[in-house]
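A look at the structure
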Amino acid sequence: MKKDRKFQSQMRKNVKEMINIGNRNARVAAKTAQQEKEKKDTTKLRVIICVILLIAICAGFATRLFDWQIVHGEEYKELSAASTAHTVDSDATRGEILDVDGHPLAVNETAYNIVINKVYASEDNQLNLIIIDLLNTLKQCGVEYIDELPISYINGEFVFDEGSGGDVEYIESPSMLNKEGLTAQQIVDGLAKRYKADNIDDPYTKRAVVSIRYNMEKKGFSYEQVYVVASNVSSDVVAVVSERTQTVPAVEIRTVNERVIKNGTLIPHILGVVGKIDEDEYADYKEKGYGLDDNIGKFGIEAAMEEYLRGKAGTKTIITDEDGQIVGEEETVESKPGNTVYLTINSRIQEVAAYTIGKNIQEAQKLGIEDVKRAKANKAKEQSKMGEDCVAGAAVMLDVRDNSVICAASYPNYDISKFYDPDYSQYLFTDEDIPMFNRAFEGAFAPGSTFKPCVATAALQESIISPDTTIHCNGKYDYYKDDVVHCLGVHGNQKLESAMAHSCNCYFAEVGRRVGITTMYMYAEKLGLGSKTGIEVSESTGVLAGRDSTTWFEGNTVQAAIGQSDNAFTPVQLATYASAIANNGVRYKTHLVRKVVNYERTENVLYNDPEKPVVEAETGVSQDNIDLVKEAMYAVTQTDNMRAMAGKYPIKMGCKTGTAENAGSDHNVFICFAPYDDPEIALCVLFEHGGRSYLPQQAACDILDAYFYDKDIDDIKKDPWKFG
């Protein structure tokens, strides 16, 4: 009974609990249903809002489209037809050229050009009227326009200018008038018709318009390319032209960077010039992005470093209306200036070198002329070849630690800042002494006895001689009867050091015969003779006897061994050769560029690290053998003769002189390296037809003073070295 009551009580409790659980589930279900309903209502609201927004946007587009096409359709159609967009190049700033210390050599200065912009003058008649008005203004200002038409109007008729053949051929070509054999009058008439200028009566005006229009066509005048009518005009002219062309938008004053050479006589043979690209050059430069009106380096560093110096022009888009008025302008590509080039040249030492070789060359010629006069007065047997023909020479100094060029002077010198002056350029191209010829890098001359250290190097390393090998000198070496070598003295028995000091031809002729021409020129090549040195500008390879000779006989070897025969080397090669000996037989790459930096001079683009020189060749000569050669070159300074000349210089050096026979007076050469115990520099001074060996040594000592004692040109003028 008790069990039944207990069972019933438990059942009632379970039922009650189940009822509570059911109530809770009902409440949860009701709440969930309410949330689902609210969620559906929110989603529906969002959809309705999106639909409304989409309808509003479409309605806006439809309204705008209706306005564009229906309400203002014709207006916008006319505006679109009338508006024109043109892309115009902005000027590219060229990088500058500085010396090793940052002193300016070729830099940019602000200048003004007067140009015509085709964006505002596309009609021929309109363009011709603009040209006439502008020319009248320029004439009143005394400014000449750029005139390249090869025809002049003289004494009432049109005539061809002298040397105009190439231009005339171009005008007569199929791309222009397409007719050959035309007279000057016919060409002017043909061009006038081509440019719709045949209604101009005045012949001077007609010719001027035709000249500019012809040059415009030749230079690629277009919407993208303006035409320069007059360049580098003064600020006064700018003011006048600006005032008189206020209502002529086609005429513009453009600020440009004018190339300015700070000292035209300092390094004219190295620096070079910038000029307009010509048609032949354009074929090569077109694919590099150049235009016919662009400037490029023509020679020298300006040409050699063109890829670094050239800036990149920017572009901007100009939108004009039908009246030629600008309605929009946007720079699409920013212009980028070129890089700045630092040379290894020291301007102070360079100035001294240029001065002293010029002074001493003039002295050589003066003394030679006086000797010739005396010889003629005395009716002497020899009445020439005394230095009277000495008018040229060169000097090159290298830093032996990396073969950077410290100075490189060539004489006769010239002023490159006047290169484009017509009268001066005529002198440059016609003067018989050829002042533009870079004798330092491109002139190849017989080296004379300066070649003997090379022969000694080869003979020692090949074990053909030792320092104690003795060869007898009786004043004449006649091993080969057809190639007899004469000595300047009778030296008796000679060993290497004494033979080098006295420059004994008999000794070196015999050593050269034993070495042989092939071995001789192989060592010469490694030391830098008859090989390009690596400088960035134009240089000659020179001539190496045997290797470059068209014919060769055994006896020629002894002539080559004393620096004659076909041997001909440049002063920069001889300086490189002296440097290689100073560097124990290692030849570095000779160079003119220290570094290239960006225009702002904040980042290196290229750097020739003086601590990491580029090795061009190694001779493989042992230290003992190269030391013997250097000792022999020091012995040169200790002879009685040299003690009165370069041997008296206060800094110990190794050196060698050379006197080379040729058609005129003898060439005189002097090479050295110094200080002897720890070389810093190598130097070559060479006078063509100098006639006197002490004069190049005087010049060399002046240059050494500029390097070792920081002397400038004023110091040298006050206290130059004087021998003789």
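Above this text sits the structure in question.
Here is a short report on the structure shown in this document. Just so it is clear, the model here is predicted, and its values are computed rather than measured. (Residues numbered from 1 in each chain as written. Predicted model: local features only at pLDDT ≥ 70, side-chain atom pairs only at ≥ 80, totals over all residues. Heavy atoms only, no water.)

Let us look at the overall build of the protein. Scanning the protein for helices and strands turns up 23 helices and 25 strands. Burial analysis of the protein (724 residues in total) assigns 48% to the buried set. Restricting the contact set of the protein to residue pairs at least 6 apart, pairs at least 24 apart contribute 70%. When the accessible area of the protein is evaluated, it comes to approximately 36300 Å², of which 48% is carbon and sulfur surface. (Helix = DSSP H or I, 4+ residues; strand = E, 2+ residues; numbered from the N terminus. Buried < 20%, exposed > 50% of the residue type's maximum accessible area, 1.4 Å probe, protein only. Contact = heavy atoms within 4.5 Å. Areas by Shrake-Rupley, 256 points an atom, 1.4 Å probe, with all protein chains shown as cover.)

This brings us to the pattern of salt bridges. Pairing between side chains of opposite charge can happen when the charged atoms of each approach one another. Per the stated rule, a full pass over the model turns up 26 salt bridges. With its nearest N and O atoms 2.6 Å apart, the salt bridge here joins Arg213 to Asp124. Of this pair, Arg213 sits in helix α6 (residues 203-219) while Asp124 sits in helix α3 (residues 124-141), placing them 89 residues apart in sequence. Residue Asp124 is classed as partly exposed on the basis of its relative accessible area, which comes to 22%. Arg514 serves as the salt-bridge partner of Glu510, at 2.8 Å between the closest nitrogen and oxygen. Placement of both Glu510 and Arg514 in helix α16 (residues 505-515) is noted, with a separation of 4 residues, approximately one turn of the helix. The exposure class of Glu510 is buried, given its relative accessible area of 8%. Linked through salt bridges whose partners overlap, the residues forming this network are Arg94, Arg259, Glu302 and Glu306. (Salt bridge = Lys/Arg side-chain N within 4 Å of Asp/Glu carboxyl O.)

Right, let's talk about the side chain of Thr340 for a bit. Within the secondary structure, Thr340 is located in strand β12 (residues 340-343). Ignoring any residue separated from it by four or fewer positions in sequence, one finds Thr340 in contact with Glu96, Leu98, Lys595, Val596, Val597, Asn598, Tyr599 and Arg601.

Looking now at the packing of aromatic side chains. Enumeration according to the criterion identifies 18 aromatic pairs in this entry. When the centroid spacing of 4.9 Å and the interplanar angle of 85 degrees are considered together, the rings of Tyr153 and Tyr204 count as edge-to-face. Linking Tyr153 in strand β4 (residues 151-154) with Tyr204 in helix α6, this pair joins segments that are 51 residues apart in sequence. Overall, the relative accessible area of 53% leaves Tyr204 in the exposed class. Members of the aromatic cluster, joined through ring pairs, are Phe299, Phe419, Tyr420 and Phe429. The lysine or arginine in question, Lys118, covers the ring of Tyr223, its NZ or CZ lying 5.6 Å from the ring centre. Above the plane of the ring of Tyr342 lies Lys595, whose end atom (NZ or CZ) is 4.7 Å from the centre. (Phe/Tyr/Trp six-rings, centres within 6.5 Å; stacked < 30°, edge-to-face > 60°. Lys NZ or Arg CZ within 6 Å of the ring centre and 35° of its normal.)

Taken together, Asp278, Glu279, Asp280 and Asp284 make up a surface patch of like negative charges. Tracing the backbone through its elements, the reader meets Asp278 in the loop between β8 (274-276) and α9 (279-285). Accessibility expressed as a relative area gives 34% for Asp278, which makes it partly exposed. (Patch = residues over 30% accessible without salt bridge, like charges linked within 9 Å, V, L, I, M, F, W, Y side chains within 5 Å. Lys, Arg positive; Asp, Glu negative; His and termini not counted. Charge placed at Lys NZ, Arg CZ, Asp CG, Glu CD.)

The next point concerns the sheet that holds strand β14 (residues 404-411). An order of β14-β13-β25-β24-β23 is seen for the 5 strands of this open sheet, with the pairing classed as antiparallel. Both edges of this open sheet fall to β14 and β23 (654-660), since each of them pairs with a single strand only. When strand polarity is set aside, the average angle formed by the axes of neighbouring strands in this sheet is 5 degrees. Pairing of strand β24 (residues 667-674) with strand β25 (residues 681-688) involves 7 bridges; the strand directions are antiparallel. Bridging across to β25, Phe670 finds its partner in Val685. Running over the sheet, helix α12 (residues 347-377) touches β13 (392-399), β14 and β25 and is turned about 30 degrees from β14. Lying over the sheet, helix α22 (residues 694-708) contacts β13, β14, β23, β24 and β25, oriented at roughly 150 degrees with respect to β25. (Pairing = 2+ DSSP bridges. Axes fitted to C-alpha atoms, helices over the stretch in contact; angles between N-to-C directions.)

Bringing unusual backbone geometry into the picture now. In the segment running from Tyr411 into Pro412, the intervening peptide bond is cis, with an omega of 5 degrees. With respect to the helices and strands, the residue Pro412 is situated in the loop between β14 and α13 (422-430). Between Ala674 and Pro675 the backbone carries a cis peptide bond, its omega angle lying at -15 degrees. By secondary structure assignment, the location of Pro675 is in the loop between β24 and β25. One non-glycine residue, Lys196, adopts positive backbone phi at about 55 degrees.

Here we take up helix α19 (residues 571-582). Residues separated by three or four positions in an α-helix point in the same direction, a consequence of the helix having 3.6 residues per turn. Its 12 residues give α19 an end-to-end C-alpha distance of 17 Å, which sits within 8% of 16 Å, the value for a rise of 1.5 Å per residue. Among the 12 residues of α19, 12 are classified as buried, and the element is accordingly described as predominantly covered. For α19, the set of buried residues is Pro571, Val572, Gln573, Leu574, Ala575, Thr576, Tyr577, Ala578, Ser579, Ala580, Ile581 and Ala582. Once α19 finishes, Asn584 follows within two positions and takes phi at roughly 60 degrees, a positive value. (Expected span 1.5 Å × (residues − 1).)

Turning our eyes to something else, we now look at the side chain of Asn339. By secondary structure assignment, the location of Asn339 is in the loop between β11 (326-333) and β12. Taking relative accessible area as the criterion, Asn339 reaches 15% and is therefore assigned buried. Residue contacts for Asn339: discarding those within four places in its chain leaves Gly95, Glu96, Tyr308, Leu309, Val596, Val597, Asn598, Tyr599 and Val605.

What follows deals with the state of the cysteines. Evaluation of the coordinates by the stated rule reveals 0 disulfides. For the unlinked cysteine Cys504, the closest cysteine sulfur is that of Cys473, found at 3.6 Å. The exposure class of Cys504 is buried, given its relative accessible area of 0%. (Disulfide = S-S within 2.5 Å.)

Within helix α14 (residues 452-461), 9 of the 10 residues are buried, which leaves it mostly tucked inside the rest of the structure. Inspection of α14 places Lys452, Pro453, Cys454, Val455, Ala456, Thr457, Ala458, Ala459 and Leu460 among the buried residues, and these make up the whole buried set. A positive phi of about 60 degrees marks Ser463, the residue just after α14.

We now examine the pairing of β23. Within β23, 6 of the 7 residues are buried, which leaves the element mostly enclosed by the surrounding structure. Alignment of β23 against β24, held across 7 bridges, turns out to be antiparallel. Opposite Gly654, over in β24, you have Phe673 as the bridge partner.

Before going further, it helps to spend a moment on the environment of Val210. Among the structural elements, Val210 can be located in helix α6. Residues Val210 and Ile187, spaced 23 residues apart in sequence, show a C-alpha to C-alpha distance of 10.0 Å. With sequence-adjacent residues up to four places away left out, Val210 is seen in contact with Leu149, Val188, Leu191, Ala192 and Tyr195.

This brings us to the environment of Pro435. By the secondary structure assignment, Pro435 is in the loop between α13 and α14. Counting along the chain gives 21 residues from Pro435 to Tyr414, while the straight-line C-alpha distance between them is 6.3 Å. Setting aside residues up to four positions removed in sequence, Pro435 forms contacts with His269, Pro412, Asn413, Tyr414, Tyr427 and Leu428.

Let's shift gears to the packing of α12 against α22. Close contact between α12 and α22 brings their axes to 9 Å; oriented N to C, the two are set at 165 degrees. Between α12 and α22, the angle is such that the two are roughly antiparallel. In this structure, the crossing between α12 and α22 has a hand that is right-handed. On α22, the residues that touch Arg348, Ile349, Val352, Ala353, Thr356, Ile357, Asn360, Glu363, Ala364 and Leu367 of α12 are Tyr694, Leu695, Gln698, Ala699, Asp702, Ile703, Ala706 and Tyr707. Partitioning the contact of α12 with α22 into residue classes produces 12 nonpolar, 3 polar and 3 charged. (Parallel < 35°, antiparallel > 145°, perpendicular 65-115°, else oblique. Left-handed = near helix turned anticlockwise from the far one by under 90°. Nonpolar A, V, L, I, M, F, W, Y, C, P; charged D, E, K, R; others polar.)

Axis separation between α14 and α16 bottoms out at 10 Å; the angle between their running directions is 45 degrees. The orientation of α14 with respect to α16, classified from their angle, is oblique. The handedness of the crossing between α14 and α16 comes out as left-handed. When α14 is examined against α16, the residues Lys452, Val455, Ala456, Ala458 and Ala459 are found in contact with a partner set consisting of Asn505, Phe508, Val511, Gly512 and Val515. Among the residues making up the contact of α14 with α16, the classes are represented as 7 nonpolar, 2 polar and 1 charged.

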